[in-house]
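One letter stands for each residue in the lines below.
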Amino acid sequence: MKRAMCLSMPLLPIEQQVRRSGLPAHEPIALVERFDSCDRVWCCNAVASHKGVRAGMPLTEARAVLPALTAIPHNPAADRQTLESLAAWANCLSPAVQPDPPDSLLLDVTGCERLFRGESNLLRLGIDGLSAQGFTTRGAIADTIGAAWAMAHGGDSPAVVPPGRTAAAIAPLPPWTLRISRRHALTLEAVGVRKIEALLQIPRASIAARLGDEVLRRMDQALGLVPELLEPFRPP
């Protein structure tokens with residue numbers, strides 16, 4: 001049976017900028033982007049978040065809330081470069097690693113547990129290895145890429161889902177963890193579908209009619225009903 005691992009670094013953009021710039025991690029820092037003729041907060045570190053700064057907030061408003069806020073332009077190219085360097089590092093865990101922008105790594109770990117004294121130890125090595133490089137990390141192992149991604153982003157971490165237990169593991173998670181578009185996630189929330197468990201109870205024809213094929217495809221990928229292959233990253 002195939003097994004997949006997802007390592008999620010939700011603060012990668014700002015943590016890699018802190019590492020590159022040498023700014024103290026204990027200071028409030030935000031990455032900003034130009035949107036609708038306004039500089040807005042793209043993401044911020046925990047220090048700024050605890051002081052009331054939020055993603056999407058205009059920079060002027062964020063600085064009114066927190067005058068000591070340091071603002072750095074968001075650099076997506078640097079995020080991608082960092083993610084690729086981490087994918088190259090993760091080849092020590094699996095020969096098949098795929099960067100999943102903006103902040104995750106996907107690994108085919110089928111059979112790898114025999115080299116690392118079990119899946120729990122393999123997952124812990126991945127999380128600890130990325131944490132040692134300065135990145136807050138969550139992780140999960142499951143039967144499918146979609147289920148591992150869902151658990152790493154929306155479930156408990158670390159999580160090792162036993163083989164054959166995918167549906168039960170992802171049932172309590174919100175639908176956005178299926179990697180569906182934000183528009184579809186908001187539509188489902190608006191009609192009261194706040195868990196994958198509820199989504200699975202809706203007739204497939206109704207989902208397709210109202211939301212198109214994306215939600216069904218992502219749901220089937222997570223449940224292992226349709227295959228999803230990794231595209232291994234090959235560093236130069």
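Our subject is the structure that appears above.
What comes next concerns the included structure. Keep in mind that this is a model prediction, so the values were computed, not measured. (Residues numbered from 1 in each chain as written. Predicted model: local features only at pLDDT ≥ 70, side-chain atom pairs only at ≥ 80, totals over all residues. Heavy atoms only, no water.)

### Some thoughts on the pattern of salt bridges
Turning to step 1, where the next piece is worked out: Applying the stated rule across the entire model yields nine salt bridges.
Turning to step 2, where the next piece is worked out: One salt bridge in this structure joins Asp-143 and Arg-3, with 2.6 Å as the shortest N-O distance. Here Arg-3 lies in the segment before strand 1 (4-8) and Asp-143 lies in the loop between strand 7 (138-142) and helix 6 (145-154), a separation of 140 residues in the sequence. This pair shows no difference in class: Asp-143 is buried, exactly as Arg-3 is.
Turning to step 3, where the next piece is worked out: A salt bridge links Arg-204 to Asp-220; the shortest N-O distance between them is 2.9 Å. (Salt bridge = Lys/Arg side-chain N within 4 Å of Asp/Glu carboxyl O. Helix = DSSP H or I, 4+ residues; strand = E, 2+ residues; numbered from the N terminus. Buried < 20%, exposed > 50% of the residue type's maximum accessible area, 1.4 Å probe, protein only.)

### What to know about the sheet that holds strand 5 (residues 97-100)
Turning to step 1, where the next piece is worked out: Read from one edge of the open sheet, five strands run 5-6-1-7-8, paired in mixed fashion. Pairing within the sheet leaves two strands with one partner each, and these edge strands are strand 5 and strand 8 (159-160).
Turning to step 2, where the next piece is worked out: Bridge analysis of strand 1 against strand 7 gives five bridges, and the strand direction is antiparallel. Residue pairing across strands places Ala-4 opposite Ala-142, the latter belonging to strand 7.
Turning to step 3, where the next piece is worked out: Against the sheet, helix 4 (residues 76-89) engages strand 5 and strand 6 (104-108), with an angle of about 160° to strand 5.
Turning to step 4, where the next piece is worked out: Along the sheet, helix 6 contacts strand 1, strand 5, strand 6, strand 7 and strand 8; its crossing angle with strand 7, the most-contacted strand, is approximately 150°. (Pairing = 2+ DSSP bridges. Contact = heavy atoms within 4.5 Å. Axes fitted to C-alpha atoms, helices over the stretch in contact; angles between N-to-C directions.)

### Here's the deal with the packing of helix 10 (residues 204-211) against helix 11 (residues 213-223)
Describing two packed helices takes the angle between their axes plus the distance from one axis to the other.
Turning to step 1, where the next piece is worked out: For the pair helix 10 and helix 11, interaxial distance at closest approach is 7 Å and the crossing angle is 130°. When the axes of helix 10 and helix 11 are compared, the pair comes out oblique. Along its contact with helix 10, which presents Arg-204, Ile-207, Ala-208 and Leu-211, the element helix 11 presents Asp-213, Val-215, Leu-216, Met-219 and Asp-220.
Turning to step 2, where the next piece is worked out: Considered class by class, the residues forming the contact of helix 10 with helix 11 number six nonpolar, no polar and three charged. (Parallel < 35°, antiparallel > 145°, perpendicular 65-115°, else oblique. Nonpolar A, V, L, I, M, F, W, Y, C, P; charged D, E, K, R; others polar.)

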